[in-house]
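Understanding the architecture of this molecule
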Amino acid sequence: MSAEIKLGVSLFSYSSEYYLKMLSLKDTLRKAKTAGAEGIEIVAAQMMPGFPYPAKAWLHQFRETCGELGLEPFCYSAHLDSGLRSDRWMTDAEKVESTVNDIRNSYEMGASAVRTQQTITPKLLYEVAPWAERYQIRVGVEIHPPHRLETEVWQEFLKVFKDLDTPYVGMVLDTGIYQEYPYDGWLGVYKEHGVTEEICDGLLEILGRRGTKEEARQFVEAHGGNAYGRELSEELFSLYRPYEPDELAENMKYVTHFHTKFYHMEHGEEKTIPYDRILEIIKSSGFKGYLISEYEGHYCYDAHQYPAADQVKAHIEMEKRLLGL
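Residues numbered from 1 in each chain as written. Predicted model: local features only at pLDDT ≥ 70, side-chain atom pairs only at ≥ 80, totals over all residues. Heavy atoms only, no water.

1. Some remarks on the packing of helix H2 (residues 25–35) against helix H14 (residues 308–323)
The geometry of a pair of packed helices is captured by two quantities: the angle between their axes and the separation between those axes. Close contact between H2 and H14 brings their axes to 9 Å; oriented N to C, the two are set at 30°. When you trace H2 past H14, the crossing you get is right-handed. Contacts from Lys 31, Thr 34 and Ala 35 in H2 reach Ala 309, Val 312, Lys 313 and Ile 316 in H14. Its residues placed into classes, the contact of H2 with H14 shows four nonpolar, one polar and two charged. (Axes fitted to C-alpha atoms, helices over the stretch in contact; angles between N-to-C directions. Helix = DSSP H or I, 4+ residues; strand = E, 2+ residues; numbered from the N terminus. Left-handed = near helix turned anticlockwise from the far one by under 90°. Contact = heavy atoms within 4.5 Å. Nonpolar A, V, L, I, M, F, W, Y, C, P; charged D, E, K, R; others polar.)

Following this line, the structure appears as structure tokens:
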């Protein structure tokens, strides 16, 4: 069954090098290919001139460049910015119009998927679905930390997916929702702001044995923690918890593709997300589609010390090993 799984890369993985002009857009495509990617996801607002209305010529040229490199321009990753105007929020009609525009751009780019955001709201998917079906573009709403599938709005999304019963509307599941512990780089930022090793270790111990947020708060106060220590205790218990796989298996049918989030590869492993268990469920489900590696360690790790290209390559190699590819 794993033969139907394809491995790709989000160009967001190369953000730091791209912004620092260490890599051009074409360089990021070459790096993705070298890492073992079959396809890519481009974050349109980040790398597309003229977004949200890029020229058709640019979209066609990008498609051709991907083809020359042996890459599929798989996904157009949209940004539905409800605060685009300074004087008011975007209306529902404008959200639908923006999403239809993303679908058309995706079609011109030669992609087969659009990643959108929950700003679209569940009810508006009824208006989006006919356009997705017309262009045969799969529109996936990304579920992203700190949300979980049991979060109220996501229970609403799941009901709509079930009601629509179409392969062209579903969710992009970011595996960061199953992150169990923070990565060292993230903790390092708090340590730089005066959070002690003692407080960090104590909070991780409480988290690991499923203690409470209140217990964590009291621990920080008892050990003289500063404002950053209090913030850390809040963040830990909002973002992380031990992985429970049942909900993933039950909702695989609604997944258009995955963002296989990761923060730091060390000795061939990503230690904060239980990929051995997650990928086993994906493999055994008979899933057909893309796992898009998304490196976010660039937020905390120096790009010269830990180049994104090396990190992405190690992540794809881990996925291949765990999937038996």
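2. Quick word on unusual backbone geometry
For the bond running from Phe 51 to Pro 52, omega is 10°, close enough to zero to count as cis. With respect to the helices and strands, Pro 52 occurs in the loop between helix H3 (44–47) and helix H4 (56–69). The step from Pro 145 to Pro 146 runs through a cis peptide bond, and the omega angle for that step is 10°. Position of Pro 146 relative to the elements: it lies in the loop between strand S5 (138–143) and helix H7 (152–164). With a phi close to 50°, Asp 165 is a non-glycine residue in the positive phi region.

3. A short note on the pattern of salt bridges
Overall, the coordinates contain 20 salt bridges when judged by the stated rule. For Asp 27, the salt bridge goes to Arg 30, with nearest N and O atoms at 3.2 Å. Here Arg 30 and Asp 27 lie together in helix H2, a separation of three residues that amounts to about one turn. On the basis of relative accessible area, Asp 27 is assigned to the partly exposed category, the value being 24%. Two residues, Arg 277 and Glu 180, come together in a salt bridge whose shortest N-O distance is 3.5 Å. Taken together, the residues span a long stretch of sequence, with Arg 277 in helix H13 (residues 275–284) and Glu 180 in the loop between strand S6 (169–174) and helix H8 (184–192) at a distance of 97 residues. Overall, the relative accessible area of 39% leaves Arg 277 in the partly exposed class. Each of Asp 174, Lys 261, Glu 294 and Glu 296 takes part in salt bridges that share partners, so that together they form one network. (Salt bridge = Lys/Arg side-chain N within 4 Å of Asp/Glu carboxyl O. Buried < 20%, exposed > 50% of the residue type's maximum accessible area, 1.4 Å probe, protein only.)

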